[in-house]
Amino acid sequence: MYSRLFRACGRRSVSQVVSLQKEKGLSGKCLLQLLQEHRCLTAATVKVSKKFFYAASSTSPATSTTNVEEVVKQKMPSAEKKPFRRLPTDVRPYHYDISLTPDLAKFTFNGEERVHIDVKNCTHTVVLNSLDIDIKSAEFHGNDGSTMAAAQIHLSNADETATLVFPQQLPVGEKVGFISFVFTGEINDKMKGFYRSKYTGANGEDQYAAVTQFEATDARHCFPCWDEPALKATFDITLAVPQDRVALSNMPVKSESMEGEFRVLKFEKTPIMSTYLVAVVVGEYDYVEGKSSDGVLVRVYTPKGKKEQGEFALEVATKVLPYYNTYFGIAYPLPKMDLIAIADFSAGAMENWGLVTYRETCLLVDPQNTSAVRKQWIALVVGHELAHQWFGNLVTMEWWTHLWLNEGYASFVEFLCVAHIFPEYDIWTQFVTDTYIKALELDGLKNSHPIEVPVGHPSEIDEIFDDISYNKGASVIRMLHSYIGDEDFRKGMSLYLKRHSYSNALTEDLWAALEEASSKPVGAVMSTWTKQQGFPVLKVDQRQQGNDRILSLSQERFLADGSKDEEKSLWMIPVSVSTSAAPHEVAVSTMMDQATKEIVLKDVPQSAWVKINPGTIGFYRTRYSTEALSLLLPAVKNRSLPPLDRLGLLDDLFAMVQAGHASTVEVLRLMHAFQAEDNYTVWSSIVNSLGKLGVLLSHVDYEDSFKAFGRSLMKDIGNKLGWDPKPNESHLDTLLRSLVLGRLAALNDQDTIEQAKKCFEAHVTGTKVLSADLRSPVYRAVLSAGGAETFATMLKLYREADLHEEKDRISRALGAIKDEGLLKRVLEFAMSDEVRAQDTVFVIMSVAMTYKGRILAWQFFKDNWKVLMDRYEGGFLLSRLVKFTTEDFATEESALEVEQFFADHPTPGTERTVQQSVETIRLNAAWLARDREAIKSYLQSHP
C-alpha cells in the first residue's frame, strides 16, 4: 500500500521520518518495516530512541536505542508483509485462573476464566487475543465488589482478537480487579491450539486424548489471553476430566475432588511465564519415573502398556537436568518435569514448562526395534527441550524477531549435553553435517533471511521456525563459544539468565552479558552475523617468502548463484589457521574486520599445506587456489587432515561448484581422494554431495554413468563394513553401515540390492529379524527393485507395526518404488486415514525423491492443494512439503510454473519457502547448463 509512497520519498532525515509517521498515521512498527524495505533514511549513522518507532506498540523499552543505519542495512526478504499491530498497552494481565472441561466424545470444551489485570491508562476498551472461541460473556469485577458486563464483544478472525467494550472506564492502577469469561471451543484436529490426538485403546477401538500446542500464537484457540511472549503472567489451571483419564499440566496437582462424574484437578500456581508455554494433556497413559541427582521428580508418560519404552528418555532427562543446573548456575525452578509422547503431533517436541510434549518417535525407544540413529536423535531432542526450560522459559525472547535466542541456543546446547552424557556418539563431528551445513545451504540463497528478522503476523512467525533460526543460530553460537572460550561462555550465560529470569530479553542483552564475562567485543562481532543476511566466503591467496607463508585473505558475501554482492557486506570473522606441522592444533587465530587481511605463518615450507577454519567452526566458506587445494589432497587421502577438515574441504568446494566458481569435474576429482575414507561424518558429507548431484543428473541421459561413479567410490567402504555388526564396533560404524548400504542401493548396486532382498525375505518369514539399524536401507532397496507384491508386503508390515518409528521407516521408504502406477498409490495412501496427518507430508516427500516421482508428487500437490491447505492451515509441515515437492526441478519452465501456481493459489505461511524453491530451481538449471557436457565427458573417461 505504501510502496510507491516510500519510493517517491527519497532518503529522509529522522525528523522528516517522524513527521511522516504523524502525517500518515502509521504505527511505529509498520513505519520501521517500510523504512527497512525501501531504504528511506539518510546514510549518516543516527542513534534514534526506539520510542519514535515503538510508542504505538510498546515492543521494547523506551530507553533502548537502535542504530538506524544498521537496521536499514538488513537485507529483508521481499515477501509481502501482512498488516499487523501488537496488542494495546492500556491493560495488562498478571494472573490467569483457567478452568477447562473437555468433552472427548463431542470434541468440544467449556471454559471459565478470570484474568487479573493492571490498567495503565484510562480506557473502556480491552483488546486481547481470541480465535475460534465462542465467548458467552465477559465481565469486569472491581476490587470494590462492583461488576460491569461488556456492552459489546467484537471478534476479528483476521486480527485474531476480541475487543471488549465496557459501558464505563476501567479504574486505573495495579491489580484493579479481574475480567471473567465464560466460553466454549472445539477440540480441533489441526494439531494446534487445544486439539485431539487419536490412539488405539485397550479394547482395540479408536480413542482420543486432548492436547495443547500453543507455540507460537495458538493459546488464543484455547482461552482468551494476551498471547504475546512479553506479556507474562502466572497461571492457576483447573481441569475437569473423566475418572479414568490422566490429566496433566505444567505444575503438580494441588488438590483433587469429585464433582458428579468428573474428577476435578487443581494444579499449583505456575511461575510467571508466557502464554505459549501453558500446557494441558488429558488421556490414557502409563509412566516411568525417577529423580535427578538434584532432586527433581521426572516422569516419562507413554501409551498404555509401553512404559518400558520411556526408560531411555528417563535416563537422559535425569542426567540432563543436573548438567544444565551446573552449566547455567541456576537450578531447574519447577518441582517436576514431565515428558509425554503424543500420537498426533506436528513438530518434533514442544518445551512447555514442566510438561514437554513429544512425537512418539522423538521420545520412545523399543530396544528391539529402535535404530541407533533414532536413539541418538531422541537424546538430542530431549536435551534440546530441556535446555529451553532455562533458555526460552525462564528467560523468554521479547518478541518473535528474537526467536533464535530460544531455538539457536537450544540447538547448540543439545550437543553440549549429549556430548557429556554419551561421549561415544562423537556428536560434535555430526553437528557439522546435521546442523552447520544445512544452515550454509539455505543461507547462500538470496531469499534467505537474517537470524533476526522482524515478524508480525502469525503466518510470518511460523515461517521463521527454519534452518536459519535453528541451525544458523546454533552454528554462530558455536563459533562464538570457540571465540570467547567455554569458561567465559558459561559465565556469560549464567549472567544473562540471572539478570533476565522470569522476564524477557533481546539479542543485545545476551551479547552484553557475554561481553561482560569475556571482555571481548561480542556485540560488535555477533551483530554482523545476526542482523545481516548470508555469510562470507574467504578467498585465500598464498605466496612463499623464504620459509614463511603469506596468506592474503579477502571476504565477500557468498551467493549461491555466484553473483557479486552489491551491498558489499562485511563480517567480523574469527579466523583460525592450521598447518601440516600440527594438523590438530590452531597455528594462528585472528579477527578479520575488514575486506582484506594478511597473515604471516612463520616456518611453513613451500611443500606444507595450510587449512583455513580448522574444525569447521567459523560460519563461512573458504575458496582455495588450485595450487593450495593440490597440497591438501595427499592429506585427505592418508587422512592426516582431521575428519572435520576433510569434510569442510569437500563441502566448500562443492558449494563453489554449485555457484559456478569451479567446475563440477573438480569436485568429482576430489571425491576420488576419499576412496579410503572410513569416518561416518565425512561420508555423510560425501553422500550429501552425491545426493545433490544425483538429483541434478536425474535430468540427463547419462545418469547411469554417474551412478557407476558413485558405486565405484563407495564399494571399498561397503565391503569393509559388510552387513553384520563387528564385535564391539563403534556407534559411528553402526551409523555408517546404514548410510553406505542405503546409498549403494540408491546407486543401483546389484550386489547390495540382492543381499537386501535376502535379508528382507528372512525378516518377513521370521527366519531372522532384521536389525533396526538396517531396516530403512533394506526397505528402500527391495522397494526400488520390487513391484506390486513387494508393495503389498510393505503395506502389510506397516499395518502390523505397533511402533510409530517402524511405521515411519516403512512409509518413508515407499517412494523408492519405480512403477508409476504404484507411486500414485503411494500418494493416495499418504492421504488416507491409515497415515496420520503429521506423517502424510513425509510420505509424499519420499515420492518426490526421484525424477518420475517428483513430477507425480508436484501434480498431486496441485490437485490436492485445497485439501492440504485445510489440513495444515499454513503450518510448517505445509512449508516443508512445498519445499520438497518443488525445489529439485531444473528448468526455467518449472520455475515459472511453480511461481505462477502459488501466485494463483496464495498459501499463507509458505511465501518465503516458495521464493527459496524457485530460486533453487533456477540455480539447478544454471548449474546443469554450465556443467552438463563437462560432467558427461569426465564420467565417460573415468568409468
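The structure contained in this document is the topic of the report that follows. These numbers were taken from a predicted model, which means no experiment stands behind them. (Residues numbered from 1 in each chain as written. Predicted model: local features only at pLDDT ≥ 70, side-chain atom pairs only at ≥ 80, totals over all residues. Heavy atoms only, no water.)

### Focus on helix H18 (residues 680–697)
Spanning 18 residues, H18 covers 25 Å between terminal C-alpha atoms, matching the ideal 26 Å at 1.5 Å per step. Within H18, 15 of the 18 residues are buried, which leaves it mostly tucked inside the rest of the structure. (Helix = DSSP H or I, 4+ residues; strand = E, 2+ residues; numbered from the N terminus. Expected span 1.5 Å × (residues − 1). Buried < 20%, exposed > 50% of the residue type's maximum accessible area, 1.4 Å probe, protein only.)

### A closer look at the side chain of His-221
Here His-221 shows up in the loop between strand E12 (206–213) and strand E13 (234–242). Within the structure, His-221 has its side chain in polar contact with the side chain of Asp-132 (distance 3.4 Å). In contact with His-221, not counting residues within four places along its chain, are Phe-109, Leu-131, Asp-132, Ile-133 and Gly-193. (Polar contact = N/O pair within 3.5 Å; in protein donor to acceptor, adjacent residues only side chain to side chain. Contact = heavy atoms within 4.5 Å.)

### A closer look at unusual backbone geometry
In this model, Glu-215 is joined to Ala-216 through a cis peptide bond whose omega is 10°. Counting through the fold element by element, Ala-216 comes out in the loop between E12 and E13. Notably, Tyr-502 is not glycine yet its phi reads approximately 60°, a positive angle. Looking at where Tyr-502 falls in the secondary structure, it is placed in the loop between helix H12 (486–500) and strand E24 (503–505). Tyr-502 gets classed as partly exposed once you look at its relative accessible area, which sits at 35%.

### Some details on the pairing of strand E11 (residues 193–200)
Where burial is concerned, most of E11 is hidden: 6 out of the 8 residues are buried. Of the pairings in the sheet, the one linking E11 to E12 comprises 8 bridges and is antiparallel in character. The residue bridging Thr-200 from the neighbouring strand is Asp-206, located in E12. Linking E11 to E12, which pair antiparallel, is a turn of 5 residues; within it Gly-204 sits at a positive phi near 85°. (Pairing = 2+ DSSP bridges.)

### With respect to the pattern of salt bridges
According to the stated counting rule, one finds 51 salt bridges in the structure shown. With a shortest N-O distance of 3.8 Å, Arg-245 and Glu-284 are connected by a salt bridge. Highlighted residues: Arg-245 in the loop between E13 and strand E14 (246–249) and Glu-284 in the loop between strand E17 (280–283) and strand E18 (286–291), separated in sequence by 39 residues. The partner of Lys-757 in a salt bridge is Glu-754, and the shortest N-O contact between them spans 3.4 Å. (Salt bridge = Lys/Arg side-chain N within 4 Å of Asp/Glu carboxyl O.)

### Concerning the sheet that holds strand E21 (residues 349–350)
Spatially, 5 strands are ordered E18-E19-E20-E22-E21 in an open sheet, and the strand pairing comes out mixed. Of all strands in the sheet, those with a lone pairing partner are E18 and E21, marking the two edges. Relative to strand E22 (residues 355–359), E21 runs antiparallel, the two being bridged by 2 bridges. When the sheet's bridge partners are listed, Met-350 is paired in E22 with Thr-357. In this fold helix H7 (residues 372–388) packs onto strand E20 (336–342), E21 and E22, with an angle of close to 150° to the strand it touches most, E22. (Axes fitted to C-alpha atoms, helices over the stretch in contact; angles between N-to-C directions.)

The quantities given are spatial measurements derived from coordinates; they are silent on function.
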